[in-house]
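# Structural overview
One-letter residues, chain by chain:
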Amino acid sequence: MSRPGFVPAPLAQLPWLVILLVCAIGGFGVLVLFSAAGGDPKWAMPQGVRFGVFLVMALALSRVRVDHWSMIAFPLYAIFLVMLIGVELLGAVAGGSQRWLDLGFIRIQPSEMMKVAIVLACAKFYDLLPNSDIRRFGAIWPAAIMIGLPAALVMLQPDLGTALMITAGGLTVMFLAGIPLRLFIGGTLALAVSVPIIVNYVLHDYQRNRVLTFLNPENDPLGTGYHISQSKIAIGSGGWFGKGFLNGTQSHLDYLPEGHTDFALATMMEEWGLMGGLFVIVAFGLLIRWGIMVGVRSQSRFAKLTAAGISTTIFFYVLINMAMVIGLAPVVGIPLPLISFGGSAQMTTLICVGILMSLDRENRLNRNMRSWQ
């Protein structure tokens with residue numbers, strides 16, 4: 001179908017249904033934060049402004065060619081790895097964690113951008129690797145080091161949730177590149193055996209308490225299990241259709257801690273019920289499905305691996321947060337993208353969307369070129 005003559009080509013090439021879907025999720029998030037503050041725009045206003053800015057940035061990123069993403073993959077990884085080292089040496093401390101790098105005019109969290117950089121770097125590595133070498137040891141240890149270095153640095157901050165996200169994104173690219181399944185099974189078994197050692201000697205006290213609370217949240221309902229207990233109460237009290245917009249009690253009466261950040265889903269489901277939760281799940285499901293299909297339609301290995309890795313990064317954001325909020329996973333500080341208050345996860349998610357739109361644009365151009373031949 002040809003575009004109308006008055007529509008500029010760059011605008012016509014954008015996936016407008018996906019953009020509208022992202023705007024619907026982001027707009028819903030603004031409503032949730034407005035209600036979480038009891039009708040005060042103190043969280044909703046900055047969230048909406050940031051969403052607009054980052055959406056424009058995503059549209060700008062959609063104009064970047066795929067070969068340019070491939071060219072800058074390793075340099076981006078190196079820059080953010082150096083920044084992570086800088087966080088350990090000079091990082092700003094906030095909330096008991098050393099996660100931010102203060103550059104004077106801006107404070108950035110390099111670990112967030114590493115979630116994207118690790119996918120690009122691993123995709124570039126396997127794009128350069130001949131098919132005949134995929135099942136050899138030389139295809140494993142460089143990628144393992146690339147994933148392990150930033151994950152270890154992030155663990156030192158400490159930030160278990162982000163370290164898990166970086167690891168998951170890199171391992172996803174390794175798996176899709178063709179690394180033998182038996183190696184992942186062996187690694188999973190080794191990790192399972194080492195869990196007691198990790199819990200007792202690697203995790204910080206508060207992280208260990210989170211794991212123990214996950215196993216038995218009712219053991220200390222007014223202490224370490226308070227977050228999960230109140231989250232379940234908020235979600236359960238919402239029922240099918242919720243208590244209504246601005247009518248939540250758990251968040252408005254401050255029973256639900258972090259009701260505008262990590263536990264924004266519980267705030268939303270108290271007021272919008274199961275139907276609101278299904279809307280969020282379906283919306284993110286459609287976005288992730290689109291990202292995966294972008295990879296399926298891509299021509300190069302780099303584009304295929306990047307699209308799959310970026311899509312699963314968004315998937316892990318949603319999966320871990322939802323599992324955490326309903327008590328199916330330990331509380332690891334992963335926000336719900338585009339809905340929880342905060343700029344870091346919102347920026348990372350929209351950068352992911354921008355990269356996917358860039359890959360999708362390349363697919364459309366290739367398809368149009370083939371149709372003219």
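For the protein chain, an unreviewed UniProt entry supplies the name Peptidoglycan glycosyltransferase MrdB and the organism Sphingomonas koreensis.

## So, helix 7 (residues 160–177)
Taking 1.5 Å of rise per residue, 18 residues should cover 26 Å, and helix 7 covers 26 Å from first to last C-alpha, within 8% of that figure. Burial analysis of helix 7 places 13 of its 18 residues in the buried class, which makes it a mostly covered element.

## Here's the deal with the packing of helix 11 (residues 264–297) against helix 12 (residues 301–325)
Put simply, helix 11 and helix 12 touch, their axes get as near as 9 Å, and they point 165° apart. In terms of orientation, helix 11 and helix 12 fall into the roughly antiparallel class. The crossing of helix 11 and helix 12 is left-handed. Here Leu265, Ala266, Val280, Ile281, Phe284, Ile288, Gly291, Ile292, Val294, Gly295 and Val296 of helix 11 come into contact with helix 12, specifically with Lys304, Ala307, Ser311, Ile314, Phe315, Val318, Asn321, Met322 and Val325. Tallied by class, residues from the contact of helix 11 with helix 12 come to 15 nonpolar, 4 polar and 1 charged.

## Observations concerning the packing of helix 4 (residues 66–90) against helix 5 (residues 110–128)
Packed helices, taken two at a time, are described by the angle their axes make and the gap between the axes. Interhelical geometry of helix 4 versus helix 5 gives an angle of 140° and a closest axis separation of 8 Å. As judged from the angle between their axes, helix 4 and helix 5 are oblique. Between helix 4 and helix 5 lies a crossing of left-handed hand. Two secondary-structure elements touch here, helix 4 through Trp69, Ser70, Ala73, Phe74, Leu76, Tyr77, Phe80, Leu81, Met83, Leu84 and Val87 and helix 5 through Pro110, Ser111, Met113, Met114, Ala117, Ile118, Leu120, Ala121, Lys124, Phe125, Asp127 and Leu128.

## Looking at unusual backbone geometry
In the Ramachandran plot, Leu246 falls in the positive-phi region, its phi being about 70° despite a non-glycine side chain. With respect to the helices, strands and loops of the structure, Leu246 is situated in the loop between helix 10 (226–238) and helix 11. The phi torsion at Leu338 lies on the positive side, around 70°, for a residue other than glycine. Its location among the elements puts Leu338 in the loop between helix 12 and helix 13 (343–372). Residue Leu338 is classed as buried on the basis of its relative accessible area of 1%.

## Examining the side chain of Thr348
In this structure, Thr348 sits in helix 13. For Thr348, the side chain forms a polar contact with the side chain of Glu112, separated by 2.8 Å. Setting aside its immediate chain neighbours within four residues, Thr348 contacts Glu112, Val116 and Tyr317.

## Examining the packing of aromatic side chains
Counting across every chain of the model gives 7 aromatic pairs. Measuring from ring centre to ring centre gives 5.0 Å for Phe28 and Trp272, while their planes differ by 85°; the resulting arrangement is edge-to-face. Placement of the pair is Phe28 in helix 2 (residues 16–36) and Trp272 in helix 11, with a sequence separation of 244 residues. For Phe28, a relative accessible area of 9% corresponds to the buried category. Pairing Phe245 with Trp272 gives two aromatic rings, centres 6.1 Å apart and planes at 55°, and the pair type is tilted. Residue Phe245 is located in the loop between helix 10 and helix 11, and its partner Trp272 is located in helix 11; the two are separated by 27 residues in the primary sequence. A residue is classified by how much of its surface remains accessible, and Phe245, at 33% relative accessible area, is partly exposed. These aromatic residues form a ring-pair network of at least three members: Phe28, Phe34, Phe245, Trp272 and Phe279.

About the thresholds
Residues numbered from 1 in each chain as written. Predicted model: local features only at pLDDT ≥ 70, side-chain atom pairs only at ≥ 80, totals over all residues. Heavy atoms only, no water. Helix = DSSP H or I, 4+ residues; strand = E, 2+ residues; numbered from the N terminus. Expected span 1.5 Å × (residues − 1). Buried < 20%, exposed > 50% of the residue type's maximum accessible area, 1.4 Å probe, protein only. Axes fitted to C-alpha atoms, helices over the stretch in contact; angles between N-to-C directions. Parallel < 35°, antiparallel > 145°, perpendicular 65-115°, else oblique. Left-handed = near helix turned anticlockwise from the far one by under 90°. Contact = heavy atoms within 4.5 Å. Nonpolar A, V, L, I, M, F, W, Y, C, P; charged D, E, K, R; others polar. Polar contact = N/O pair within 3.5 Å; in protein donor to acceptor, adjacent residues only side chain to side chain. Phe/Tyr/Trp six-rings, centres within 6.5 Å; stacked < 30°, edge-to-face > 60°.

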